[in-house]
Amino acid sequence: MSEDADVVVIGAGQAGLAASHELEQRGIEHVVLEADAPGSSWRHRWDSFTLVGQNHTVRLPGAPYRGDDPSGFMGRDEIAGHLAAWAGRLRAPIRGGCAVRSLRPRDAGGFTLDTDAGTLVSRVVVVSTGAYQRPHRPAACDTLPGSLPVLDLTAYANPGSLPDGPVLVVGSGQSACQLAEELALAGREVVMACGRAPWFPRRAGDRDVFEWLLDTPFFEQRVEDLPTPAARLLATPQVSGARGGHDLNYRTLEALGVRLGGHLLGAQDGVVRLAPDRDASIAFGDDGYRTIRALVLGVCARDGIAPPELPDPRPLASDPVETVPAGWLGSVLVAAGFRPDYTSWVHVPGLVDDLGFPVHDDGESTAAADLHFVGVHYLRRRSSSLLFGVGIDAARTADRIAARLAAA
């Protein structure tokens, strides 16, 4: 492949397909490059993965959920199938198996893209390669014995995919809690190195947590509204869509027999040490619960709704775990979130901030004109990468591209 294009979209997940849909609506010809197949990144999740938001929160432009289970939670293959079907309805060519290995600005304007299929030159590029690209592994993991298997979330499929024996789960958000629960239900002994994450019940009164939150400013929060930009990296609220959706937090895990400790300090002399900060992490999560509770009660007061029962959290029943014999463990499963990874292949000085997020003006890079981003966590607001928010961002970006092309 060696050719020119006015607009190239990189990635055919929900962000790239939303961008393609919105460009199509404005009559802008473009091509979509995808490393694998449309929606395929969802198939790389673990076997029992489900959405955390109910199916009706899939509000993609041109592809909203229209099935017969709006209150259910699609599994990974259903999500991937939904996106693949949407891709089949779009008019733009989608070139699967065409990973972009490098993107560089050209002196004459536009960009050169080196792909698995050859070189492409484009005037405008939309990068939509996912909210996070690189699993985060805390530095303390480097001190674990070399004989102890340490797996990232992306390597986990099901309890049988881990070596036999007890498991140390490192993490605090939705994924870490869901995997700790799945392992405990499978009969594994589980110790969890807990971090800080908010939580909330799956349902409050007769409504799902997402239905409540969509009625509040929660998902409209911008980076500038956060205490610090680093808050973008905090864990997502603990909850699960598995088995029809249910409460999931440190207390429900404790009730299943999961032993809870503080964050991972590292290993020395055959002993894995956890920090004495478990209770501080629990208190942080409880503060998150109270913040969300206040939002829900605010909706009730505004709309004249009887408030649901949302009591204060109860204390944990167990003492914190502070040491674990390394030889007792069968494996360590790291589910500590993801980080952006743009600079390994997008070669633009000043592209990202010190956390790796693109520096931009309304989605367009401030370091390279005509380089746009869609689907980045907190790009414009908390919902920017989500299945009910990415379409809004895609429309804004398509408008910006249309205006630029019209002015040229």
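Chemist: Hey, could you run me through the overall build of the protein chain in this one?
Modeler: Broken down by element type, the protein chain carries 8 helices and 23 strands. Buried positions account for 53% of the 408 residues belonging to the protein chain. Excluding contacts between residues fewer than 6 apart, the proportion of contacts in the protein chain whose partners are at least 24 apart in sequence is 68%. Summed over all atoms, the accessible surface of the protein chain reaches about 17200 Å², with 50% contributed by carbon and sulfur. Distance between charge centres in the protein chain, computed from 38 positive and 50 negative side chains, equals 2 Å.

Chemist: How should I be thinking about the sheet that holds strand E15 (residues 259-261) in this particular structure?
Modeler: Strand pairing in a sheet takes place through backbone hydrogen bonds and is either antiparallel or parallel in direction. Strand order in the open sheet formed by 5 strands is E10-E19-E11-E12-E15, with parallel pairing between adjacent strands. Whereas interior strands pair on both sides, the edge strands pair on one side only; in this sheet they are strand E10 (150-152) and E15. In this sheet, adjacent strand axes meet at a mean angle of 20 degrees when their direction is disregarded. As paired strands, strand E12 (residues 190-193) and E15 are joined by 3 bridges and run parallel to one another. Directly across from Ala193, in E15, lies its bridge partner Gly261. With respect to the sheet, helix H4 (residues 174-185) is in contact with strand E11 (167-170), E12 and strand E19 (331-334), its orientation differing from that of E12 by roughly 165 degrees.

Chemist: What is the right way to look at the pattern of salt bridges in this model?
Modeler: It is possible for side chains bearing opposite charge to pair when their charged atoms get close. For the structure shown, the criterion picks out 31 salt bridges. With a closest N to O distance of 3.0 Å, Arg207 and Asp215 form a salt bridge. Overall, Asp215 belongs to the partly exposed group, its relative accessible area being 32%. For the salt bridge of Arg290 with Asp312, the shortest nitrogen-to-oxygen distance reads 4.0 Å. Of this pair, Arg290 sits in helix H7 (residues 278-303) while Asp312 sits in the loop between H7 and strand E18 (323-325); the two residues are 22 residues apart in sequence, bridging distant segments of the chain. Given a relative accessible area of 32%, Arg290 falls into the partly exposed group. Judged by its relative accessible area of 53%, Asp312 falls in the exposed class.

Chemist: Before we go on, may I ask you to explain empty space enclosed by the protein in this structure?
Modeler: Sizing a probe to match a water molecule and rolling it over the atoms shows the empty space that remains. In the structure shown here, the tally under the stated rule is 2 cavities of 30 Å³ or more. Each pocket or cavity is described by its volume, and for the largest cavity that value is around 50 Å³. Around the largest cavity, the lining residues are Ala197, Trp199, Gln238, Asn249, Tyr250, Arg251, Ser281, Ile282, Gly285 and Asp286. Those elements that provide at least two residues to the lining of the largest cavity are helix H6 (250-255) and H7. Per-element accounting of the lining of the largest cavity gives the leading share, 4 residues, to H7. Counted by class, the lining of the largest cavity contains 4 nonpolar, 4 polar and 2 charged residues. Counted as a void, the second largest cavity has a volume near 30 Å³. In this structure, the second largest cavity is lined by Ala19, Leu23, Val126, Val374, Ala394, Thr397, Ala398 and Ile401. Here the lining of the second largest cavity gets 4 residues from one element, more than from any other, and that element is helix H8 (residues 390-407).

Chemist: It is not clear to me how helix H1 (residues 14-25) should be interpreted in this structure. Could you clarify?
Modeler: Residues spaced three or four apart along an α-helix point in a common direction, a consequence of the helix completing one turn every 3.6 residues. For H1, built from 12 residues, the straight-helix expectation of 16 Å at 1.5 Å per residue is met to within 8% by its first-to-last C-alpha distance of 16 Å. The buried fraction of H1 is high, at 11 of 12 residues.

Chemist: When you look at the sheet that holds strand E17 (residues 271-274) in this model, what are you seeing that I'm missing?
Modeler: The strand order across the open sheet built from 3 strands is E16-E17-E18, with neighbouring strands paired in antiparallel fashion. Both outer strands of the open sheet, strand E16 (264-268) and E18, are each paired with one neighbouring strand and no more. Strand-to-strand, the axes of this sheet are offset by a mean angle of 20 degrees, without reference to chain direction. Judged from the 3 bridges that link them, E17 and E18 form a sheet pairing that is antiparallel. Counterpart to Val272 in the pairing with E18 is Val324.

Chemist: Is there a simple way to explain the packing of H1 against H8 in this structure?
Modeler: When two helices pack together, their arrangement is given by the angle between the helix axes and by the axis-to-axis distance. Axis separation between H1 and H8 bottoms out at 8 Å; the angle between their running directions is 45 degrees. Relative to H8, the element H1 lies oblique. Judged by the sense of rotation from one axis to the other, the crossing of H1 with H8 is right-handed. Touching Gln14, Ala15, Ala18, Ala19, Glu22 and Leu23 of H1 are Val390, Gly391, Ala394, Ala395, Ala398 and Ile401, all from H8. The class makeup of the residues in the contact of H1 with H8 is 9 nonpolar, 2 polar and 1 charged.

Chemist: Teacher, can you tell me more about the pairing of E11 here?
Modeler: In the case of a regular strand, side chains alternate between the two sheet surfaces. Because side chains alternate across E11, one face comprises the buried residues Val167 and Val169, and the other comprises Leu168 and Val170, equally buried. Pairing geometry for E11 and E12, over 4 bridges, is parallel. Paired with Leu168 across the bridge in E12 is Val191. One ladder, built from 4 bridges, connects E11 with E19; its direction is parallel. If you follow Val170 over to E19, its bridge partner there is Val334.

Chemist: Sorry, what's going on with the environment of Val346 here?
Modeler: Along the polypeptide, Val346 turns up in the loop between strand E20 (338-339) and strand E21 (360-361). A sequence separation of 203 residues divides Val346 from Thr143, and the C-alpha atoms of the two residues are 32 Å apart.

Chemist: What is the right way to look at the packing of aromatic side chains in this model?
Modeler: Evaluated as defined, the whole model comprises 9 aromatic pairs. Centre to centre, the rings of Trp42 and Phe49 are 5.8 Å apart; their planes meet at 55 degrees, and the pair counts as tilted. Taken individually, Trp42 and Phe49 each receive the classification buried, so the pair is uniform in this respect. Note on Phe210 and Phe388: the rings are 6.4 Å apart at their centroids and 80 degrees apart in plane angle, and the pair reads as edge-to-face.

What counts and what doesn't
- Residues numbered from 1 in each chain as written.
- Predicted model: local features only at pLDDT ≥ 70, side-chain atom pairs only at ≥ 80, totals over all residues.
- Heavy atoms only, no water.
- Helix = DSSP H or I, 4+ residues; strand = E, 2+ residues; numbered from the N terminus.
- Buried < 20%, exposed > 50% of the residue type's maximum accessible area, 1.4 Å probe, protein only.
- Contact = heavy atoms within 4.5 Å.
- Areas by Shrake-Rupley, 256 points an atom, 1.4 Å probe, with all protein chains shown as cover.
- Lys, Arg positive; Asp, Glu negative; His and termini not counted.
- Charge placed at Lys NZ, Arg CZ, Asp CG, Glu CD.
- Pairing = 2+ DSSP bridges.
- Axes fitted to C-alpha atoms, helices over the stretch in contact; angles between N-to-C directions.
- Salt bridge = Lys/Arg side-chain N within 4 Å of Asp/Glu carboxyl O.
- 1 Å grid on protein atoms, 1.4 Å probe; cavity = no way out; pocket = protein on both sides within 12 Å on 5 of 7 lines; lining within 4 Å.
- Points joined across faces, edges and corners; volume = space filled by probe spheres on them.
- Nonpolar A, V, L, I, M, F, W, Y, C, P; charged D, E, K, R; others polar.
- Expected span 1.5 Å × (residues − 1).
- Parallel < 35°, antiparallel > 145°, perpendicular 65-115°, else oblique.
- Left-handed = near helix turned anticlockwise from the far one by under 90°.
- Phe/Tyr/Trp six-rings, centres within 6.5 Å; stacked < 30°, edge-to-face > 60°.

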